[in-house]
Amino acid sequence: MPDAKQYRLGLNQPAASPTARRAIEMAAAIDRETGGEFRLEVFPESRLGSDPQMFADLRAGALEFFMAGATLGGVAPTSALPLLPFAFTHSKVVFAALDGALGDRIRSELAANGLHAFHHCWQNGFHHLTTRVRPIRTADDLAGLKFRSPGGDIAADFFKALGADAGMVPFSGMYEALKARQFDGQSDPLGVVLSLELYEVQTYLSLTAHWWSGFTLLAIATAWTALPRAVQAFVERNAEKFALLQRDDVEKVNAAGAEELARRGMQVNTADTASFRARLGDFYKIWRAKAGPEMWRLLESYADGIT
């Protein structure tokens, strides 16, 4: 571990993104408020490695802080549940779940694996589909296509249920993978499509809002518990402050995203998501069984899209 008063935060988002910008502002605020007792350097754009590498380094104690996306299912199975397709229809509902009892369960699972998860997750947003070969108007249009997805079993099962394949490349390599036509399309919020300039390598944007994703700010527990309580309080307070600011930033970017992407040349349509849901009966049965009755009831107590 570096000097006890110097820490590193790794994340995959572009340096100009609201996530990286707010993380840098958070680090500066903590430095000021602690009088330099806690210094955090932020490394965006996967500069410290791919998400799996950064997560492995975090768990090994080689990295102190990490902004995790869809990489936690192996240690916190409950963290996959907010990604269930069409479970939520508005980000405020997701945040109620993740700031509440569902999030408490996820944070407990992470703590059991030596990871301190800060209480307020950061926003990524609802995912939509971009493609280069054809627009996605109904579920039939996914047949035979290969999509770059965030990874994980839910994404793989979702695309398989719709007759498509899912693959994974690191976030930082997505543009080049799409340019090289390793994938026909990808799944991400509109702010990501803009920040990675995917409109240069994708033709169609099909609005689906098929699932939501966010980021969890993590610290390795050994580094976190070694901090004085007063310093922890400064870090916690600013982690909350800048998470809430980042949520609003990303909400605004995503809300204006379809219009902006159309302006940049993408052909935009709204997909018939009822045709998607009609194909997901077996998918939901499988994931309900995996979650178990207790966790499924907890999810249903928040989710406004599960019927």
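The text that follows walks through the structure, step by step, so that each part is easy to find. Just so we're clear, the structure is a prediction, and the values are computed from it rather than from any experiment.

## As for the overall build of the protein chain
Part 1: Tallying secondary structure elements over the protein chain gives twelve helices and twelve strands in all.
Part 2: The C-alpha atoms of the protein chain give 19 Å as radius of gyration, which agrees with the globular expectation for 307 residues (19 Å, within 12%).
Part 3: Dimensions along the principal axes, computed over C-alpha positions, put the protein chain at roughly 55 × 45 × 30 Å.
Part 4: The buried share of the protein chain, taken over its 307 residues, is 55%.
Part 5: The contacts of the protein chain with a sequence gap of at least 6 include a subset with a gap of at least 24, amounting to 75%.
Part 6: Of the roughly 12900 Å² of accessible surface on the protein chain, a fraction of 51% belongs to carbon and sulfur atoms.
Part 7: The protein chain carries 32 positive and 35 negative side-chain charges, and their two centres are separated by 1 Å.

## Details of the sheet that holds strand 9 (residues 185–188)
Part 1: Reading across the sheet, the six strands line up as 8-7-9-6-10-12 and stay open at both edges, with mixed pairing between neighbours. Strands with a single pairing partner mark the edges of an open sheet, and in this sheet they are strand 8 (165–167) and strand 12 (267–270). Ignoring strand direction, the axes of neighbouring strands in this sheet form an average angle of 25 degrees.
Part 2: Direction of pairing for strand 6 (residues 128–131) relative to strand 9: antiparallel, over a ladder of four bridges. Within the sheet, the bridge partner assigned to Thr 130 lies in strand 9 and is Gln 186.
Part 3: Set on the sheet, helix 5 (residues 153–161) makes contact with strand 6, strand 7 (146–148), strand 8 and strand 9; between it and strand 8 the angle comes to about 155 degrees.

## Focus: the packing of helix 5 against helix 12 (residues 281–302)
Part 1: For the pair helix 5 and helix 12, the least separation of the axes is 10 Å and the interaxial angle reads 160 degrees. Classified by the angle their axes make, helix 5 and helix 12 are roughly antiparallel. The handedness of the crossing between helix 5 and helix 12 is right-handed. From helix 5, Asp 153, Ile 154, Asp 157 and Phe 158 reach across to helix 12, where they touch Phe 283, Trp 287 and Lys 290.
Part 2: Tallied by class, residues from the contact of helix 5 with helix 12 come to four nonpolar, no polar and three charged.

## Notes on the nonpolar core
Part 1: In this structure, Leu 9 and Phe 276 are the most contacted members of the largest nonpolar core, which totals 82 residues.
Part 2: Broken down by element, the residue count for this core peaks at seven residues, all from helix 12.
Part 3: Contacts of Phe 276, omitting those with residues within four sequence positions, involve Phe 86, Leu 129, Ile 136, Thr 138, Ala 139, Leu 142, Phe 158, Leu 162, Thr 208 and Ala 271.
Part 4: By size, the runner-up hydrophobic cluster in this structure holds 19 residues, among which are Leu 194, Tyr 199, Leu 207 and Met 266.

## Some thoughts on the side chain of Asn 269
Part 1: Of note, Asn 269 is situated in strand 12.
Part 2: Polar contacts involving the side chain of Asn 269 include one to the side chain of Ser 206, which spans 2.9 Å.

## Some remarks on helix 5
Part 1: Along helix 5, the residues classified as buried are Ile 154, Ala 155, Phe 158 and Phe 159. One side of helix 5 holds all its buried residues, which, seen down the axis, span an arc of 120 degrees. Opposite the buried face of helix 5, by more than 90 degrees, sit the exposed residues Asp 153 and Lys 160.
Part 2: Considering only its buried residues, helix 5 is in contact with strand 6, strand 7, strand 8, strand 9, helix 11 (273–277) and helix 12.
Part 3: Positive backbone phi, approximately 80 degrees, marks Gly 163, located one or two places after helix 5.

Procedures and definitions
- Residues numbered from 1 in each chain as written.
- Predicted model: local features only at pLDDT ≥ 70, side-chain atom pairs only at ≥ 80, totals over all residues.
- Heavy atoms only, no water.
- Helix = DSSP H or I, 4+ residues; strand = E, 2+ residues; numbered from the N terminus.
- Rg over C-alpha atoms; globule rule 2.2 N^0.38 Å.
- Buried < 20%, exposed > 50% of the residue type's maximum accessible area, 1.4 Å probe, protein only.
- Contact = heavy atoms within 4.5 Å.
- Areas by Shrake-Rupley, 256 points an atom, 1.4 Å probe, with all protein chains shown as cover.
- Lys, Arg positive; Asp, Glu negative; His and termini not counted.
- Charge placed at Lys NZ, Arg CZ, Asp CG, Glu CD.
- Pairing = 2+ DSSP bridges.
- Axes fitted to C-alpha atoms, helices over the stretch in contact; angles between N-to-C directions.
- Parallel < 35°, antiparallel > 145°, perpendicular 65-115°, else oblique.
- Left-handed = near helix turned anticlockwise from the far one by under 90°.
- Nonpolar A, V, L, I, M, F, W, Y, C, P; charged D, E, K, R; others polar.
- Core = buried A, V, L, I, M, F, W, Y, C linked by side-chain atoms within 4.5 Å.
- Polar contact = N/O pair within 3.5 Å; in protein donor to acceptor, adjacent residues only side chain to side chain.
- Arc of directions from axis to C-beta.

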